[in-house]
Number of protein chains: 2
Amino acid sequence: MKKKLHIVKIGGNVINDSIKLKQFLMSFKALEGLKILIHGGGAKATQWGKKLSLNIQMIEGRRVTDDQMIDVVTMVYAGLLNKKIVAALQSENCDALGLSGVDANLILSEKRSLQGGIDYGWVGDPLFVNTARISSFIDLGLVPVLAPITHEGQGNLLNTNADTIANVVATAMAKKYEVHLIYAFELPGVMKDVQKPDSLIHRIDHAYYTELKSKGLVSQGMIPKLDNAFQALAQGVRQVCIIRFDKVNSLTQGHEYTSII
Amino acid sequence: MKKKLHIVKIGGNVINDSIKLKQFLMSFKALEGLKILIHGGGAKATQWGKKLSLNIQMIEGRRVTDDQMIDVVTMVYAGLLNKKIVAALQSENCDALGLSGVDANLILSEKRSLQGGIDYGWVGDPLFVNTARISSFIDLGLVPVLAPITHEGQGNLLNTNADTIANVVATAMAKKYEVHLIYAFELPGVMKDVQKPDSLIHRIDHAYYTELKSKGLVSQGMIPKLDNAFQALAQGVRQVCIIRFDKVNSLTQGHEYTSII
């Protein structure tokens, strides 16, 4: 029987709020069994870019990453945020190991080619996940904490979408583990109306998702997450959940989250 | 019989020069057997601090690390420099794993208390090296690349001198390995006269060091390195070498370096 592995993705808005981040980390720490944390940090990278008077360029929610911006995202994601998260977890006796996709060649990407004439710069799309290495860290009793920086094997760092990393790591690890992929963010889950807590949708299958989308009841920000989720399920991930950041340890205690099936 | 382990410290001036850094990394990659790389990066941290208009404060060569500066050194050492070095080594098929002292609780420090009324801020002095964890990474065939950031176990990051880290890691690992500690920098070794290449001192024992110091023939920058070196030897390190950055793989090919015995 495959061992259960929780892969938790935490988003930039929670990371950017030190109180919420602390609440999330307490909840993540309390999640029992094997686990991996994958974090973003886009809001913080934008803040630091502005402090450095860089031109912040986003196209359809994707960051254009020029020579200066790849340095900034590497510093912020793999340096500041990753090490602060690891230090906080270590202070709670959670034996965290901060990593990026470069370390131990965990995630090899290809640099994104021009798309419709747009040059995204140093942005990577994952090609390969080194599941053997990730497993070996887990086998040592460590909790990998993965920053969204990868490489292309020729010495260059690549800015890589953290949701995509969560997805490809979950899919790859599903060959060996019973993977539960958890997207933690600020709402209790997928809501019909974000103003109404009782509008939480507990279960979504693909037919229901299509129906909700056609009625305009799924927010723009949620669509790529749900598309990713259905893709992960199709590729062997056991369960995908969308849950509030301070509830990731309460998956088995009721239905205060959205389960994608 | 203990296995041989090379621990190489590379200094900030080499790291700050992309051509020299590349030459160093090619030489490090070619060094055979088990190895660990420990890097500094002070010059780069100062550059980024200035870009951010921070007040750079050094007292007797030691950086005063306030709330803003600890963020900068964490970003520069554990983020930018560490990941660039790891990406460069990975591109040369050297299976590098970037780490800081926080990751897997590798190095626990204590925050430096006031010294003569001076508050150095978020600066750490190492208390404990997690040799079992470092060994487990080496046993996996990985090459640890260690940035000089540690923690105090309560969630705070600490700026820690990279020479000191090299020293304490070498001393701690000497219990299990035959440790060769290599300080790589811009000169061929300890020179009587830095203008004269033939003034390289091939071997220094403690008596000779005392004599050279009393004659003023050891530069101020070299004194802490040599003091550290003699201390490491007294605590079980097999050999300490001071060598040019592009020669670390040629230790066995002659005497173009300084051996401290």
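These numbers were taken from a predicted model, which means no experiment stands behind them. (Residues numbered from 1 in each chain as written. Chains lettered and ligands numbered in written order. Predicted model: local features only at pLDDT ≥ 70, side-chain atom pairs only at ≥ 80, totals over all residues.)

Colleague: What's the story with the interface of chain A and chain B in this structure? I'm lost.
Modeller: Accessible area lost when the parts come together is the quantity often used to give the size of an interface. Counting from both sides, the interface comprises 34 residues of chain A and, opposite them, 34 residues of chain B. It is helix 4 (residues 67–91) of chain A that contributes the most residues to the side of chain A that touches chain B, 14 residues altogether. In terms of residue class, the side of chain A that touches chain B is made up of 15 nonpolar, 13 polar and 6 charged. (Contact = placed C-beta atoms within 7 Å. Helix = DSSP H or I, 4+ residues; strand = E, 2+ residues; numbered from the N terminus. Nonpolar A, V, L, I, M, F, W, Y, C, P; charged D, E, K, R; others polar.)

Colleague: I'm lost on unusual backbone geometry in this one. Help?
Modeller: Keep in mind that most residues, glycine aside, have a negative phi and that most peptide bonds are trans. Residue and element names in this part refer to chain B. Within the chain, S53 stands out as a residue other than glycine whose phi angle is a positive 60 degrees. Along the chain, S53 turns up in the loop between helix 3 (42–51) and strand 3 (58–59). Of the residues examined, S53 has 9 C-beta atoms within 10 Å and is grouped as exposed. (Buried ≥ 20, exposed ≤ 12 C-beta atoms within 10 Å, placed from the backbone.)

Colleague: For this particular structure, what's the right way to read the relation of the copies chain A and chain B?
Modeller: Both copies of the chain are related by one operation, a rotation about an axis with a shift along it. Of the transformation placing chain A onto chain B, the axial shift is 0.0 Å and the rotation is 180 degrees, giving an RMSD of 0.0 Å. Such a combination of turn and shift is consistent with a two-fold rotation axis. If distances are taken from each C-alpha of chain A to the rotation axis, the shortest is found for G79(A), at 1.8 Å. Taken together, the interface assignments show that 100% of the residues at the interface of chain A recur at the interface of chain B, consistent with an identical surface on both copies. (Least-squares fit on C-alpha atoms with pLDDT ≥ 70 in both.)

Colleague: Looking at this model, I keep getting lost on the sheet that holds strand 13 (residues 239–244) of chain B. Mind explaining?
Modeller: Consider a sheet: its strands pair through backbone hydrogen bonds, and that pairing is either parallel or antiparallel. Residue and element names in this part refer to chain B. One open sheet holds the 8 strands; their spatial order is 5-8-2-1-11-13-14-12, and the pairing between them is mixed. Sheet topology places strand 5 (96–100) and strand 12 (203–204) at the edges, where each strand pairs with a single neighbour. Contacts from helix 6 (residues 162–173) reach strand 1 (3–10), strand 2 (34–39), strand 8 (143–147) and strand 11 (177–185), with the element oriented near 175 degrees to strand 1. (Pairing = 2+ DSSP bridges. Axes fitted to C-alpha atoms, helices over the stretch in contact; angles between N-to-C directions.)

Colleague: When you look at the sheet that holds strand 8 (residues 143–147) of chain A in this model, what are you seeing that I'm missing?
Modeller: Residue and element names in this part refer to chain A. Ordered by their spatial adjacency, 8 strands build an open sheet running 5-8-2-1-11-13-14-12, and the pairing between neighbours is mixed. The outermost strands of the open sheet, each flanked by one partner alone, are strand 5 (96–100) and strand 12 (203–204). Pairing of strand 12 with strand 14 (residues 258–260) involves 2 bridges; the strand directions are parallel. Pairing of R203 across the sheet is with S259, part of strand 14. Helix 4 rests against strand 2 (34–39), strand 5 and strand 8 of the sheet, and its axis sits at about 155 degrees to strand 8.

Colleague: Just to check I follow, could you spell out helix 6 (residues 162–173) of chain A for this structure?
Modeller: Think of an α-helix as turning once every 3.6 residues; residues three or four places apart then point the same way. Residue and element names in this part refer to chain A. Taking 1.5 Å per residue, 12 residues should reach 16 Å; helix 6 reaches 16 Å between its end C-alpha atoms and fits that length. The buried count for helix 6 comes to 11 of 12 residues, which makes it a mostly enclosed element. Every buried residue of helix 6 is listed here: A162, T164, I165, A166, N167, V168, V169, A170, T171, A172 and M173. (Expected span 1.5 Å × (residues − 1).)

Colleague: What should I look at first to understand the environment of M75(A) in this one?
Modeller: Its place among the elements puts M75(A) in helix 4. Expressed as a C-alpha distance, the spacing of M75(A) and W48(A), which sit 27 residues apart in the sequence, is 9.5 Å.

Colleague: Before we go on, may I ask you to explain the pairing of strand 5 of chain A in this structure?
Modeller: Successive side chains on a regular strand alternate, one facing one side of the sheet and the next facing the other. Residue and element names in this part refer to chain A. Within strand 5, 5 of the 5 residues are buried, which leaves the element mostly enclosed by the surrounding structure. Neither face of strand 5 is exposed, since A96, G98 and S100 on one face and L97 and L99 on the opposite face are all buried. Strand direction decides the pairing type here: strand 5 and strand 8, joined by 5 bridges, are parallel. When the sheet's bridge partners are listed, S100 is paired in strand 8 with A147.

Colleague: I tried to follow the packing of helix 4 of chain A against helix 4 (residues 67–91) of chain B on my own but got confused; where do I start?
Modeller: In a packed pair of helices, the relevant descriptors are the angle between the two axes and the axis-to-axis distance. At a minimum axis distance of 7 Å, the contact between helix 4 of chain A and helix 4 of chain B shows a crossing angle of 115 degrees. With respect to helix 4 of chain B, the axis of helix 4 of chain A lies roughly perpendicular. The hand of the helix 4 of chain A/helix 4 of chain B crossing is right-handed. Contacts from D71(A), T74(A), M75(A), V76(A), A78(A), G79(A), L80(A) and K83(A) of helix 4 of chain A reach helix 4 of chain B at D71(B), T74(B), M75(B), V76(B), A78(B), G79(B), L80(B) and K83(B). Here the contact of helix 4 of chain A with helix 4 of chain B is built from residues that sort into 8 nonpolar, 4 polar and 4 charged. (Parallel < 35°, antiparallel > 145°, perpendicular 65-115°, else oblique. Left-handed = near helix turned anticlockwise from the far one by under 90°.)

Colleague: What am I meant to see in the pairing of strand 1 of chain B here?
Modeller: All names here are of chain B. Most of strand 1 is tucked away, with 6 of its 8 residues classed as buried. Bridge count between strand 1 and strand 11: 8 bridges; the pairing is parallel. Bridging across to strand 11, K4 finds its partner in E178. Relative to strand 2, strand 1 runs parallel, the two sharing 6 bridges. Following the sheet pairing, K9 is matched in strand 2 by I38.

Honestly, it's all geometry; don't read function into it.
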